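# Structural overview for review
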Amino acid sequence: MLWTRWLVLLLCWGATAGEQQADEREGFRAEIRADSRRQRSPPPVEPLDFGFVPSAVYDTHAYYEPGAVGILFHMVHAFLYVVQPNPFPKDLIVRVIQQNMGGIKIEEWRKPENVVLLLQWIHYEAGFLVCGTVGVVFVILVPIIGILFCVCRCCENCGGEMHQRQRKNADCQRGFYTASLVATTIFIILGVLISYAANHNISAQIKSTRRFINTNMRDLKTFANNTPAQIDYLTAQYTTAKNKVLSDLDNIGPLLGGRIHSQLEKEVVPSLDTALRMAGAMRETKEALENVSSSLEVLQEGTGKLQTSLSVERASLSNTLSDPACTNGAVSHTCNTIRSTLSQLGINADFSRLPDVSHSLGNVDTILKTDLSNIVQKGYSSFNDTPRLVKDQTKNIVSGVKGMLDKIGAEITGFSKMFPVEASLANFTIFLTEGQKNIESFYPQIDQMDFYRWIGCVAALCMVVLILAFNILGLLCGSCGYDKQATPTTRGCLSNTGGNLLMAGVGFTFIFVWLLMAIVTALFVVGGNVEKMMCEPLANRQLFKIIDTPYLVHPAKKNFLPGMLFQNPNIDLTLGSMYRECYENNGLYHALQLETMFNINSFLNRTVYNKDLAKVFESVQVDLQDITLLEQAGRDNLINFANSGIGQIDYAAFLAEVNKGVTLVDLLSFSTDLEAQADQLPRGALENALKGHASSIRQIHRDQVVPMEQAMSTLSQSIKQLQRTSSDLPVKVTNILSAIDAAEYLITHNASHVVKQETKNYVQSLVGYFKQYTAWVKNSLTAEVAQCKPISNIVDSMEIVACSFIVDSVNTFWFGLGGCCVLLIPSIIFSTKLAKYYRRMDTEDVFEE
């Protein structure tokens, strides 16, 4: 049986860590719950796909449907329940076994406890004892009564006198006896048919037993052949977890570094964004200053030209109004009106007094020679380079872990090869093959024995059939040959033959019925007790409870099954639990509780996730001291920008002049009004001259005022932009530098907590892959590896063969045959009475009128 030990030990290797790993999981969960108050919860571990363990397909279907004969089985079960309605005496049997394990001695029956057990047993067997006693009495009395009956008839008593007295109700009595005998005969025929059906069912089902033997043997071979492949598959799937861990280690930069980056970016990125926006503000400030400078130059130059043009036009218009035509009374009023508006042709805004911004522009140009955007982008790049930094700093750790994982894989493979399982299972397969051949060698002998049994049962039934034949022939001959007109002494030959046949049936009944009843009684006592004591308890698993009773076989041995299999009776393993697990097609490892035979937890702690590997993972450290968010040149650039002088510009003066109009009056409106007044004058040179002045004024507006207005608009927008930028500029720069300093301080000093937390989460994800593997191994061993359905199938097949095929059929046989024996007693009475009406009498009663 060495192969069984090898198989047990090999199956043990794949169990998962039990209480210790459970404690580790609880510890991890407690730490995660505590840290979740300060940090985000760790990302879920990616589920691994280990595929499906190669499954075995078993052929045996341990189920039996008896068909029509099942009705007879139910009748027999109902009869046995009437005979024995008491529940299964589990406690009684247990006490009997425990008190008599050392052997039963005659003198020990005198002990009170054994007397009580005997009385309890007699009470339980009362129904069988009564029925058995009745059968024995029947067997004893029937031959005696038969002999006395024959002697009595020979003395012409007991109906032996060949004289029949005439009675008025003779026809009624004959009809009653005939009907009763016919009914009795029909019921006897049914009993014969029931017994024959049971006898035939035994032979038919014995042939079906070979199918159960073949399928169970095939299933055991499938179990033996498939188990090594399943174990190899479990071993090989360690590679799946290992490859996933190696993949995550190869990507430790994006995974761990990315997590650290995502945690720190909430503080770092906003500070760099403000610096980058300030760099954009510098460029916009330069553009605004350039626009102010150019617009101011345009406005100052345009103001002089416009002043000259308006002065010339005002003087020319004044000369025109000095024309003698304006003295005419009707025209003078219009000329005076126009003359009163000449003072409006002048400059309103004076840009010559506005300060020069060239100094500030020069400072900003100098500042922009340092590319702050590029410096900030370097800060982004330095921070975004965290994954590479993590990868470089953990390069040695990753290579060390890879070597350890390869070593672990080699240890697991080596452990699985320590036991010659394949050779042992191959020997087991050979043993099964030879056992099947040995069983098959007994098939001819079984068939021969079954043939003899069938012949014996048929012979017993033929005894009843012989009696039935005499009864049926006697009824036919007597009924057909009976003549109502004939007197008892003149009855015909056919009628006389019928009476003789009935009496022959009575004779054969006395000869055979006691022997048949002896067979019935023996089969009843044996078959009935086997059904009540073996088959029913096996069907409802009460028999397992007896075997699984603690300390049944020995006061110092708790459980029978583990004591027999593992020489350790203290293991909490019972036959009932093993059967249930195998019936559900779970693994043999779980059904036999093999985890008690081998401490797989220590093996897993030494291999899959050992202390050395845990120390390596815990030694993962990341230093972010090399990250620089903003170089000193960028800091100086920001400070210089704050001191560039744009804050000292007199924005109020600029806005005051910009908000004024270029001229005192809108030249277009002035020219329009001038034309309207000219139209009021009589046609002539004055009218044309005034319209010419209006046209000149429009030309001045178009050529000089409009460009100046555009320059004023540009100046206004630029001044407002500069005013917004320069508002609290030193404070803004200070805040930017403070934010960057805070972010750098976080990275260099306070980031260790973030790094530890994310490193811990990363390590937990790696450990989670191993936990998935061990959990998968446990589930596979429980439900998929070495599925022990063939064991429960063997038990069920034995129950079907022994109880459904044999015991039920045997019980049905004696049930039918016993009914025939019982019914033969009234058959004797009715045949004897009826023969009197068919046989030819020697004398008869004579009545004289």
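From a predicted model like this one, the values you see are computed outputs, not experimental measurements. (Residues numbered from 1 in each chain as written. Predicted model: local features only at pLDDT ≥ 70, side-chain atom pairs only at ≥ 80, totals over all residues. Heavy atoms only, no water.)

Turning next to unusual backbone geometry. The backbone of R541 sits at a positive phi, close to 65°, despite the residue not being glycine. Following the sequence through the fold, R541 ends up in the loop between α17 (493–539) and α18 (542–547). Since its relative accessible area comes to 23%, R541 is described here as partly exposed. Of note in this structure, N585 is not a glycine but carries a positive phi near 65°. The exposure class assigned to N585 is partly exposed, which follows from its relative accessible area of 22%. (Helix = DSSP H or I, 4+ residues; strand = E, 2+ residues; numbered from the N terminus. Buried < 20%, exposed > 50% of the residue type's maximum accessible area, 1.4 Å probe, protein only.)

Where nonpolar side chains cluster on the molecular surface, the patch consists of V182, I186, F187, I189, L190, L193, I472, L473 and L476 and spans about 770 Å² of accessible area. Sorting the residues of the nonpolar patch by element identifies α7 (170–236) and α16 (443–481) as the ones contributing at least two each. The biggest single contributor to the nonpolar patch is α7, with six residues. Relative to the helices and strands, I186 resides in helix α7. Judged by relative accessible area, which is 45%, I186 ranks as partly exposed. (Patch = residues over 30% accessible without salt bridge, like charges linked within 9 Å, V, L, I, M, F, W, Y side chains within 5 Å. Areas by Shrake-Rupley, 256 points an atom, 1.4 Å probe, with all protein chains shown as cover. Salt bridge = Lys/Arg side-chain N within 4 Å of Asp/Glu carboxyl O.)

Take the confidence of the model for the protein chain next. The predicted coordinates should not be examined in detail at positions where pLDDT is low. Of all residues in the protein chain, 80% attain a pLDDT of 70 or more, and the chain-wide mean is 77. Within the model, the stretch residues 1–40 combines pLDDT values under 50 with 81 contacts to residues more than four positions away or in other chains. (pLDDT = per-residue confidence, 0-100. Contact = heavy atoms within 4.5 Å.)

Let us look at the packing of α16 against helix α29 (residues 789–838). Running from amino to carboxyl end, α16 crosses α29 at an angle of 25°, the nearest separation of the two axes being 11 Å. Taken together, the axis directions place α16 and α29 in an arrangement best described as roughly parallel. Considering only the axes of α16 and α29, their crossing is left-handed. Judged by residue contacts, C457, L461, V464, I467, N471, G474, L475, G478 and S479 of α16 engage F813, L817, C820, L824, S827, S831, L834 and Y838 from α29. Of the residues contributing to the contact of α16 with α29, the split by class is 11 nonpolar, six polar and no charged. (Axes fitted to C-alpha atoms, helices over the stretch in contact; angles between N-to-C directions. Parallel < 35°, antiparallel > 145°, perpendicular 65-115°, else oblique. Left-handed = near helix turned anticlockwise from the far one by under 90°. Nonpolar A, V, L, I, M, F, W, Y, C, P; charged D, E, K, R; others polar.)

With that settled, the discussion passes to the state of the cysteines. All chains considered together, the criterion is met by two disulfides. Disulfide pairing is shown between C535 and C803; the S-S distance is 2.1 Å. Taking the torsion about the S-S bond as the criterion, the C535 to C803 disulfide, at about -95°, is left-handed. With C535 in helix α17 and C803 in helix α29, this residue pair connects regions lying 268 residues apart in the sequence. Taken as a pair, C535 and C803 share a single burial class, namely buried. Bridging C582 to C788, the disulfide has an S-S length of 2.2 Å. Between C582 and C788 the sulfur-sulfur dihedral comes to about -105°; the bridge is accordingly left-handed. (Disulfide = S-S within 2.5 Å.)

Let's shift gears to the pattern of salt bridges. For the coordinates displayed, the defined rule picks out seven salt bridges. Here D248 makes a salt bridge to K244, at a shortest N to O gap of 3.8 Å. Of this pair, D248 and K244 both sit in helix α8 (residues 238–250), four residues apart, which is roughly one turn of the helix. Assessed through its relative accessible area of 7%, D248 is described here as buried. With a closest N to O distance of 3.5 Å, D796 and R541 form a salt bridge. In this pair, D796 sits in helix α29 while R541 sits in the loop between α17 and α18, placing the two residues 255 residues apart along the sequence.

Glancing now at α17. Along its 47 residues, α17 runs just 60 Å from first to last C-alpha, ending more than 12% under the 69 Å computed at 1.5 Å per residue. Residue E531 marks the point of greatest curvature in α17, where the axis turns by about 35°. Positive backbone phi, at 65°, marks R541, one or two positions downstream of α17. (Expected span 1.5 Å × (residues − 1). Bend = angle between axes of the 7 residues up to and from the residue.)

Moving on, we get to the environment of I719. Along the polypeptide, I719 turns up in helix α27 (residues 685–726). Taking the C-alpha atoms as reference points, I719 and L655, separated by 64 residues in sequence, lie 7.5 Å from one another. Excluding residues within four positions of it along the chain, I719 makes contact with V292, Y651, F654 and L655.

So, about helix α3 (residues 69–83). Taking 1.5 Å of rise per residue, the 15 residues of α3 would be expected to cover 21 Å, and the 21 Å separating its terminal C-alpha atoms lies within 8% of that figure. Listing the buried residues of α3 in full gives V69, G70, L72, F73, V76, L80 and V83. One side of α3 holds all its buried residues, which, seen down the axis, span an arc of 155°. Pointing more than 90 degrees away from the buried face of α3 are the exposed residues I71, H74, Y81 and V82. (Arc of directions from axis to C-beta.)

For the rest of this paragraph, the subject is the side chain of S809. Within the element layout of this structure, S809 appears in helix α29. By relative accessible area, S809 is classed as buried at 0%. Among residues more than four places away in sequence, those in contact with S809 are F73, A198, N201, I202 and S804.

Taken as a whole and judged by the stated rule, the model has 20 aromatic pairs. Between F470 and F508, the ring centres sit 5.1 Å apart and the planes meet at 10°, which makes this aromatic pair stacked. Taken together, the positions of F470 in helix α16 and F508 in helix α17 put the pair 38 residues apart, joining distant regions of the chain. Judged by relative accessible area, which is 16%, F470 ranks as buried. Under the relative-accessibility criterion, F508 is labelled partly exposed at 27%. Pairwise contacts between aromatic rings join F50, Y233, Y238, Y773 and W776 into one cluster. The ring of Y443 has R210 lying over it, and the distance from NZ or CZ to the ring centre is 4.6 Å. (Phe/Tyr/Trp six-rings, centres within 6.5 Å; stacked < 30°, edge-to-face > 60°. Lys NZ or Arg CZ within 6 Å of the ring centre and 35° of its normal.)

Another point: the nonpolar core. Core analysis: the largest hydrophobic core is formed by 119 residues, its most contacted members being F654 and L690. For this core, the leading source of residues is helix α9 (residues 252–321), giving 19 residues. Non-local contacts of F654, meaning those with residues more than four positions away in its chain, are made with V292, L296, L354, P355, V357, I649, L715 and I719. Residues V76, C457, M517 and C821 belong to the second largest nonpolar core, which totals 31 residues. (Core = buried A, V, L, I, M, F, W, Y, C linked by side-chain atoms within 4.5 Å.)

What follows deals with the side chain of T812. Within the secondary structure, T812 sits in helix α29. Separated by 2.7 Å, the side chain of T812 and the backbone oxygen of D808 make a polar contact. Excluding anything up to four places from it in sequence, T812 contacts L72, F73, V76, I194 and A198. (Polar contact = N/O pair within 3.5 Å; in protein donor to acceptor, adjacent residues only side chain to side chain.)

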